[in-house]
Amino acid sequence: MTLDNLQRSEIVISKILQDLVETGLQDGVALQFEDLDLDNGFEPFFVGCCRWLLDEGIVRCTNEHQVLKGMPMVNPVITAKGFALLGQPFAGSVEGNRVGDAVKEVATGNRNYAGVGDFFGGLLGGFTKSISGG
C-alpha cells in the first residue's frame, strides 16, 4: 500500500509522541529523525511534524528555533496540554479509545487513520476538549 503525505505525517507525529512518552521527562536528551526508526522516505516530514507539535503546544523543547532549521529537538517533552490530549477520547474512534491509544497504534503500524479526517481530527478534537474542560 502506498502512503500519501498525510499518512506519512501522522506516522511521523505518532513516532515522535511515542518516543517522548517512552523517554519521559528527562533532561539532557535530544530527538532527531534517526531516533524514530523510520525509513528515509519519512525524513522530509520530520521538521514539519515537529513544527506542528510545537505550534499546537503539544510538545516543548529548549531549542525551538533551531528545530525549525532542521536541528534535533533538545530536551523535548510532552507538555501538560499534550498529556491531557493523549488521555482524551479519540474523535476518530467509536470504540472508546483514547488519543494516546491511537498514537501508539499508528506508531507501531497497527492502524492507519485517514489523514486529517481521523487522526489529526482526533488529536485536535482531544486537544480542543482538553483545553475547554469538557
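Every value quoted in this text rests on a predicted model; they were computed, and no experiment measured them.

Q: Where do I start with the overall build of the protein chain in this structure?
A: Counting its regular elements, the protein chain contains six helices and four strands. Counted from the first residue to the last, the protein chain has its helices and strands arranged as α-β-α-β-α-β-β-α-α-α. Going through the 134 residues of the protein chain one by one, you find that 41% of them count as buried. Excluding contacts between residues fewer than 6 apart, the proportion of contacts in the protein chain whose partners are at least 24 apart in sequence is 55%. Looking at the protein chain as shown, the accessible area adds up to about 7,000 Å², and 50% of this sits on carbon and sulfur atoms.

Q: I'm lost on helix α1 (residues 5-23) in this one. Help?
A: Helix length check: α1 (19 residues) gives 27 Å between terminal C-alpha atoms against 27 Å at 1.5 Å per residue, within 8%. Within α1 the residues assigned to the buried category are Gln7, Ser9, Glu10, Ile11, Val12, Ile13, Ser14, Ile16, Leu17, Gln18 and Leu20. At the N-terminal end of α1, a side-chain oxygen is found 3.1 Å from the backbone nitrogen of leucine 6, two or three residues along, and the residue is aspartate 4. Within two residues after α1, glycine 24 carries a phi angle of roughly 75 degrees, on the positive side.

Q: Any chance you could explain a nonpolar patch on the surface here in plain terms?
A: Together, Val21, Leu25 and Phe83 make up an exposed nonpolar region whose accessible area comes to about 310 Å². Positionally, valine 21 belongs in helix α1. Judged by its relative accessible area of 42%, valine 21 is partly exposed.

Q: Explanation requested: helix α2 (residues 46-55) in the structure shown.
A: Every α-helix winds through 3.6 residues per turn, so residues three or four apart in the chain are directed the same way. Within α2, burial applies to Phe46, Cys49, Cys50, Leu53 and Leu54. Burial along α2 is one-sided: seen end-on, the buried residues are contained in an arc of 135 degrees. Those residues of α2 hidden inside the fold are in contact with α1, β1 (30-31), β2 (59-60), α3 (64-67) and β3 (73-74).

Q: Would you mind going over the environment of isoleucine 13 with me for this structure?
A: Inspection of the secondary structure assignment puts isoleucine 13 in helix α1. Classification of isoleucine 13 by relative accessible area gives buried; the value is 1%. The sequence separation of isoleucine 13 and phenylalanine 46 amounts to 33 residues, and the corresponding C-alpha distance is 8.1 Å.

Rules used in this analysis
- Residues numbered from 1 in each chain as written.
- Predicted model: local features only at pLDDT ≥ 70, side-chain atom pairs only at ≥ 80, totals over all residues.
- Heavy atoms only, no water.
- Helix = DSSP H or I, 4+ residues; strand = E, 2+ residues; numbered from the N terminus.
- Buried < 20%, exposed > 50% of the residue type's maximum accessible area, 1.4 Å probe, protein only.
- Contact = heavy atoms within 4.5 Å.
- Areas by Shrake-Rupley, 256 points an atom, 1.4 Å probe, with all protein chains shown as cover.
- Expected span 1.5 Å × (residues − 1).
- Polar contact = N/O pair within 3.5 Å; in protein donor to acceptor, adjacent residues only side chain to side chain.
- Patch = residues over 30% accessible without salt bridge, like charges linked within 9 Å, V, L, I, M, F, W, Y side chains within 5 Å.
- Salt bridge = Lys/Arg side-chain N within 4 Å of Asp/Glu carboxyl O.
- Arc of directions from axis to C-beta.

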